[in-house]
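Structural characterization, general
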Amino acid sequence: MRIGELAALAGVSTRAVRHYHHLGLLPEPARLTNGYRIYGLRDAVELARIRRLCELGLSLEEVRDVLADDQGRDLREVLAELDADLARQEREIHLRRTRLAALLAQERLHPDDPVSEDMAALFGKIPAAPAGLMAKEREWLALLDTTATETDRRQILDLLGPMADDPAFVARVQEVYGRIDELDDPADPRVPELARALVGLVPPGVPGTDLAAADLTDGSFARVVLADLSPAQEAVARHALKLLVERTPG
């Protein structure tokens, strides 16, 4: 048989046959004087075996291991590993489909809604806002949910979860944030008052509030958060950070 006939018989492409030769999966056959490869039934058997193993999900490297005679890995061992990997993927797909079902059940979807399950639970307790500080805070939390370490992410959720469970506290946050949103001048005389109101929303002992003012504002995340605010909002935030440092027991 010529290479095209072999490929057609085994149901693969001639390119795949040449690739298997290159990888050493399929031994090179004898050649005629004109250089053409000539294949026999044994080559077709080997090629069909390679195809079947690949269709099960084995990588070409694993196929080579299985077919490597005495030096090869036991087929049962390779298939058991493959089965375990597929079971893991199946569990992950189930979890993802469960999350997708929850998202699809929502009447309205926002680009920041596909967060982790526990962050989504937190979002469910916080009223969504189309704009302003409430909307920005939701964006920041979604960003941290994606980029923070698991320890920091868990700390954020443990801190904000109990607050979000208190409707009165959530209403107070909305009221303070709404008043800050109304500012359009960083020199507005209401800035100090609103900074104090903002600090009043931060429970004593929150991690990070015992640092110097420079430490609280010089971190990369803090810098980009401050830059994301309007000038008037930033003035309130910076004043509030100074008040937090002053509130810390010496």
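Look up a bit, the structure's there.
The structure reproduced in this document is the subject of the present report. (Residues numbered from 1 in each chain as written. Predicted model: local features only at pLDDT ≥ 70, side-chain atom pairs only at ≥ 80, totals over all residues. Heavy atoms only, no water.)

1. Points about the overall build of the chain
Which entries qualify depends on this criterion: Helical segments are the DSSP runs of H or I of at least four residues, strand segments are the runs of E of at least two, and each set is numbered from the N terminus. Each radius of gyration reported is based on C-alpha atoms, and the globular scaling rule is 2.2 Å times the count of residues to the power 0.38. Exposed residues in this analysis have more than 50% of their type's maximum accessible area, buried residues have under 20%, and partly exposed residues fall in between, with area computed by a 1.4 Å probe over protein chains only. Throughout, a residue-residue contact means that at least one pair of heavy atoms, one from each residue, lies within 4.5 Å. Residue burial considers only the protein chains on display, and all accessible areas are found by Shrake-Rupley using a 1.4 Å probe.
When its secondary structure is counted, the chain shows 13 helices and zero strands. Reading the chain from its N terminus to its C terminus gives the helix and strand order α-α-α-α-α-α-α-α-α-α-α-α-α. Its C-alpha atoms give the chain a radius of gyration of 31 Å, clearly above 18 Å, the size a compact globule of 250 residues would have. With the C-alpha coordinates of the chain rotated into their principal frame, the extents come out at 95 × 35 × 35 Å. Relative to its 250 residues, the chain shows a buried fraction of 32%. Counting contacts in the chain only where the partners sit at least 6 residues apart, residues at least 24 apart contribute 56% of the total. For the chain, the accessible area works out to roughly 15900 Å², and carbon and sulfur atoms hold 55% of it.

2. As for the side chain of Arg37
Formally: Pairing of N or O atoms within 3.5 Å defines a polar contact, subject to two protein rules: one partner must be a possible hydrogen donor and the other a possible acceptor, and residues neighboring in sequence count only if both atoms are side-chain atoms.
Along the polypeptide, Arg37 turns up in the loop between helix H2 (14–23) and helix H3 (41–56). A distance of 3.0 Å separates the side chain of Arg37 from the side chain of Glu28, its partner in a polar contact. Not counting residues within four places of it along the chain, the set of residues in contact with Arg37 comprises Met1, Arg2, Ile3, Arg18, His21, Glu28, Pro29, Ala30 and Arg31.

3. With respect to the nonpolar core
If you look at soluble globular proteins, the nonpolar side chains tend to sit buried side by side. Inclusion rule: Definition used in this section: a nonpolar core is a set of buried Ala, Val, Leu, Ile, Met, Phe, Trp, Tyr and Cys residues joined via side-chain atoms within 4.5 Å.
Counting 38 residues, the largest nonpolar core has Met119, Leu122, Tyr177, Ile180, Leu198, Leu201 and Val236 as its most contacted members. A total of seven residues in this core trace back to one element, the largest contributor, which is helix H13 (residues 231–247). Grouped together as the second largest cluster of nonpolar side chains are 20 residues, Ala10, Leu26, Leu53 and Val63 included.

4. Considerations on the environment of Leu243
Mapped onto the elements, Leu243 comes out in helix H13. On a C-alpha basis, the gap between Leu243 and Leu198 in space is 9.8 Å, while along the polypeptide they are 45 residues apart. If we skip the residues at most four places from it in the chain, Leu243 touches Ala195, Arg196 and Val199.

5. Comments concerning the pattern of salt bridges
Cut-off, in case you're wondering: Here, a salt bridge means any Lys or Arg side-chain nitrogen found within 4 Å of an Asp or Glu carboxyl oxygen.
Considering all chains together, one arrives at 18 salt bridges under this definition. A salt bridge links Asp145 to Arg153; its shortest N-O distance comes to 2.9 Å. Among the residues examined, Asp145 registers a relative accessible area of 11% and is labelled buried. In the salt-bridge network here, residues are joined through shared partners; they are Asp118, Asp145, Glu150, Arg153, Arg154 and Asp158.

6. Re the packing of aromatic side chains
Selection criterion: For Phe, Tyr and Trp, rings pair up if their centres lie within 6.5 Å, where Trp contributes its six-membered ring, and each pair is then called stacked (planes under 30 degrees apart), edge-to-face (over 60) or tilted (otherwise). Ring-over charges, as used throughout, are those where CZ of Arg or NZ of Lys falls within 6 Å of the ring centre and within 35 degrees of the ring normal.
Summed over the entire model, instances satisfying the criterion amount to zero aromatic pairs. Lying across the ring of Tyr36, Arg2 places its NZ or CZ 4.0 Å from the centre. Of note, Arg138 hangs over the ring of Phe123, and the distance from its end group to the ring centre comes to 4.3 Å.

7. Some details on the packing of helix H7 (residues 132–147) against helix H9 (residues 167–181)
Formally: Interaxial angles span 0 to 180 degrees and are taken between N-to-C directions of axes, which are lines fitted to C-alpha atoms, for helices over the stretch in contact. For classification purposes, angles smaller than 35 degrees are called roughly parallel, those larger than 145 roughly antiparallel, those between 65 and 115 roughly perpendicular, and all remaining angles oblique.
Viewed as axis vectors pointing N to C, H7 and H9 meet at an angle of 110°, and their least axial separation amounts to 7 Å. Between H7 and H9, the angle falls in the class roughly perpendicular. For the pair formed by H7 and H9, the contact residues are Gly132, Leu133, Met134 and Glu137 on the first element and Val173, Gln174, Tyr177, Ile180 and Asp181 on the second.

Spatial relationships are all this shows, so hold off on functional conclusions.
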